[in-house]
Amino acid sequence: MQYRSILILIVCIAAVAAAGCTSLQGSTAKSAIAPLPAESGGASTGYSSDQALIASGPISPPVPVPTSGGMPGQGVETKIIKTADLTLEVSNVTSAAAAVEAIGTSAGGYVSTTNIGTDYTSQPYGTVVLRLPAAQFDSALSGVQAIGKVTSLSTQGQDVTAEYVDVQAQITAYQNQIAQYNLIMKNATKVEDVLAIQQQIDTVQTNLDRVTGQMKYLNSQIDYATITVTLQEPAPVGGTQGHDFVTAINEGIAGFFGIIDAIIVFVISIIPLLIIAGVAYAGYRFWKGRRPAHP
């Protein structure tokens, strides 16, 4: 009987303790989820939302963070800049340059640079730079190679997808920032607030213009491939030039005058020595004439 009473007492104590813990957890949960007291409005405090933003100081340029699906291989088209450099040996540089230009224009592109001249050996050479749609890059390159003998060829494909996404994210961030400033501008009532907000807008607009220019440049490089063609004529058999009598005569005359110049330099150089030798000889003759004659 005594053991039974003790057992009942232990069960009652455990039940009371469990009920107390449950009550404590419930009160803690209620206090945790209790709504926070509402903050007083800007009118009562005298500090509006636009003033709070201005007081926080200039907003630093946003750090570009790619959005979801913004990295290569996650739904974004790969951005490639295609370029090619090749050297052709042709029979006539001028006509070959015209053929290269025709290939570029027929592919929907344009001629960026054309340069035709002669090198130090009087050999003709030419350089033509084509800018054409990237979709026509391979076909145009094949057409250019068919104009002459390819002596060197180099093609490059630069992947700029990450840079493209980064610039795109910066543009979006700056546009959103300007929209927020314009919204604050509508609610601004003080002249100093309007001027401060406008200064922030001008700063962000400058950054937006800069990254927009970067985007235009990237699109230009991506949409239009570049092919640089160097044209050369083969060296003539027997040397770069044939025999030229006029050149031989001119070289002979130049050699003759060169010898005359050397003689003049030599004579002028030895005149002081001749004077010294003459003085020494005259002195010797004078000294010899005054010596007494031997019997």
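What counts, and where the lines are drawn
- By convention here, each chain's residues receive numbers from 1 onward along its written sequence.
- Since the coordinates come from a predicted model, pLDDT governs what is reported: local features require at least 70, and pairs of side-chain atoms require 80 or more to be given and counted, while whole-chain, interface and lining totals use all residues.
- No hydrogens and no water enter the side-chain calculation; it runs on all heavy atoms of the structure.
- Should DSSP find at least two bridges between two strands, the strands are regarded as paired.
- Strands here mean DSSP runs of E at least two residues long; helices mean DSSP runs of H or I at least four residues long; both are numbered from the N terminus.
- Geometry is summarised by axes, namely lines fitted to C-alpha atoms with helices restricted to the contacting stretch, and by angles between N-to-C directions that run from 0 to 180 degrees.
- Contacts between residues were defined by any pair of non-hydrogen atoms, one from each residue, lying within 4.5 Å.
- When a carboxyl oxygen of Asp or Glu lies within 4 Å of a side-chain nitrogen of Lys or Arg, that pair is called a salt bridge.
- To form a nonpolar core, buried Ala, Val, Leu, Ile, Met, Phe, Trp, Tyr and Cys residues must be joined to one another through side-chain atoms within 4.5 Å.
- Buried means the residue's accessible area, taken with a 1.4 Å probe over protein chains only, is under 20% of the maximum for its type, while exposed means over 50%, and partly exposed covers the values in between.
- By definition, pLDDT measures how confident the predictor is in each residue, and it falls between 0 and 100.
- An angle below 35 degrees is treated as roughly parallel, one above 145 as roughly antiparallel, one from 65 to 115 as roughly perpendicular, and anything else as oblique.
- Two helices cross in a left-handed way if the nearer one is turned anticlockwise from the farther one by less than a right angle. They cross in a right-handed way if the turn is clockwise.
- Residues are grouped as follows: nonpolar covers Ala, Val, Leu, Ile, Met, Phe, Trp, Tyr, Cys and Pro; charged covers Asp, Glu, Lys and Arg; every other residue, Gly included, is treated as polar.
- How far a helix is expected to stretch is found by multiplying one less than its residue total by 1.5 Å.
- In this description, one arc is meant: the one made by directions from the helix axis to the C-beta atoms.
- Pairs of N or O atoms are called polar contacts if they sit within 3.5 Å, as long as, within protein, a hydrogen donor faces a hydrogen acceptor (for residues adjacent in sequence, only side-chain-to-side-chain pairs).
- Aromatic rings from Phe, Tyr and Trp, taking only the six-membered ring of Trp, are treated as a pair when their centres fall within 6.5 Å; an angle between ring planes under 30 degrees marks them as stacked, one over 60 as edge-to-face, and anything in between as tilted.
- Working rule: Lys NZ or Arg CZ, within 6 Å of ring centre, within 35 degrees of ring normal, means a charge sits over the ring.

Points about the sheet that holds strand E5 (residues 224-232)
Taken in spatial order, the 5 strands line up as E2-E3-E5-E1-E4 in an open sheet, and their pairing is mixed. This sheet does not close on itself; its edge strands, each paired only once, are strand E2 (110-118) and strand E4 (149-159). With direction set aside, neighbouring strand axes in the sheet form an average angle of 10°. Inspection of the sheet shows strand E1 (residues 80-89) paired to E5 by 7 bridges, in the parallel sense. Paired with alanine 84 across the two strands is isoleucine 227, which belongs to E5. With respect to the sheet, helix H5 (residues 137-145) is in contact with E1, strand E3 (124-133), E4 and E5, its orientation differing from that of E1 by roughly 5°. Strands E1, E3 and E5 of the sheet are contacted by helix H7 (residues 191-223), whose axis makes an angle of about 60° with E5.

Brief notes about the pattern of salt bridges
Tallied over the entire structure, the rule returns 1 salt bridge. Glutamate 77 is the salt-bridge partner of lysine 79, the closest N and O atoms lying 3.9 Å from each other.

Structural notes on the nonpolar core
Grouped together as the largest cluster of nonpolar side chains are 21 residues, with contacts concentrated most on Leu86, Leu88, Leu130, Val144, Ile227, Val229 and Leu231. Elements that contribute at least two residues to this core include exactly E1, helix H4 (93-106), E3, H5 and E5. Broken down by element, the residue count for this core peaks at 5 residues, all from H4. Residues in contact with leucine 130, not counting those within four places in the same chain, are Val100, Glu101, Gly104, Tyr110, Val111, Val144, Ala225, Thr226 and Ile227. Ile184, Ala188, Ile201 and Leu208 belong to the second-largest nonpolar core, a separate cluster that totals 19 residues.

Some words on the pairing of E3
It is a general feature of regular strands that their side chains alternate between the two faces of the sheet. As defined by bridge partners, E2 adjoins E3 across 8 bridges and the pair is classed as antiparallel. Note on E3: the bridge partner recorded for threonine 118 is proline 124.

Details of the confidence of the model for the chain
Confidence along the chain averages 76 in pLDDT terms, with 69% of residues attaining 70 or more. Low pLDDT, under 50, characterises residues 16-73; the stretch is placed with 43 contacts to residues that sit more than four places away or in other chains.

Some words on the packing of helix H6 (residues 161-187) against H7
Where H6 meets H7, the closest approach of the two axes is 9 Å, and the angle between their N-to-C directions is 155°. Between H6 and H7, the interaxial angle falls into the category roughly antiparallel. Crossing of H6 against H7: the hand is left-handed. Residue classes in the contact of H6 with H7 are distributed as 17 nonpolar, 12 polar and 2 charged.

Overview of H4
A rise of 1.5 Å per residue sets the reference length of H4, with its 14 residues, at 20 Å; its end C-alpha atoms lie 20 Å apart and thus fit the reference within 8%. Within the sequence span of H4, burial applies to Val93, Ala96, Ala97, Val100, Ile103 and Gly104. Angularly, the buried residues of H4 cover 120° about the axis, an arc narrow enough to put them on a single face. Residues of H4 that are exposed and point more than 90 degrees away from the buried face comprise Thr94 and Ser106. Structurally, H4 contributes buried residues whose contacts are with E2, E3, H5 and E5. By the N-cap criterion, in which a side-chain oxygen at the helix start approaches the backbone nitrogen of a residue two or three places on, H4 is capped by asparagine 92, the distance to threonine 94 being 3.1 Å. Following H4 by one or two positions, glycine 108 has its phi on the positive side, about 90°.

Re the environment of threonine 105
Among the secondary structure elements, threonine 105 is positioned in helix H4. When its relative accessible area of 46% is taken as the criterion, threonine 105 is described as partly exposed. Linking threonine 105 and leucine 132, residues 27 residues apart in sequence, is a C-alpha distance of 7.9 Å.

So, the packing of aromatic side chains
Summed over all chains, the structure comprises 2 aromatic pairs. Ring plane angle 50° and centroid distance 6.2 Å describe the contact between tyrosine 110 and tyrosine 224, whose orientation is recorded as tilted. Of this pair, tyrosine 110 sits in strand E2 while tyrosine 224 sits in strand E5, placing them 114 residues apart in sequence. Residue tyrosine 224 is classed as partly exposed on the basis of its relative accessible area of 29%. Geometrically, the ring pair formed by phenylalanine 256 and phenylalanine 257 is edge-to-face, given 5.6 Å between the ring centres and 70° between the ring planes. One Lys or Arg, lysine 79, reaches over the ring of tyrosine 164 and ends 4.8 Å from the middle of that ring.

A few points about the pairing of E1
The pairing of E1 with E4 spans 10 bridges and is antiparallel. In the strand pairing of E4, aspartate 85 is matched with serine 154.

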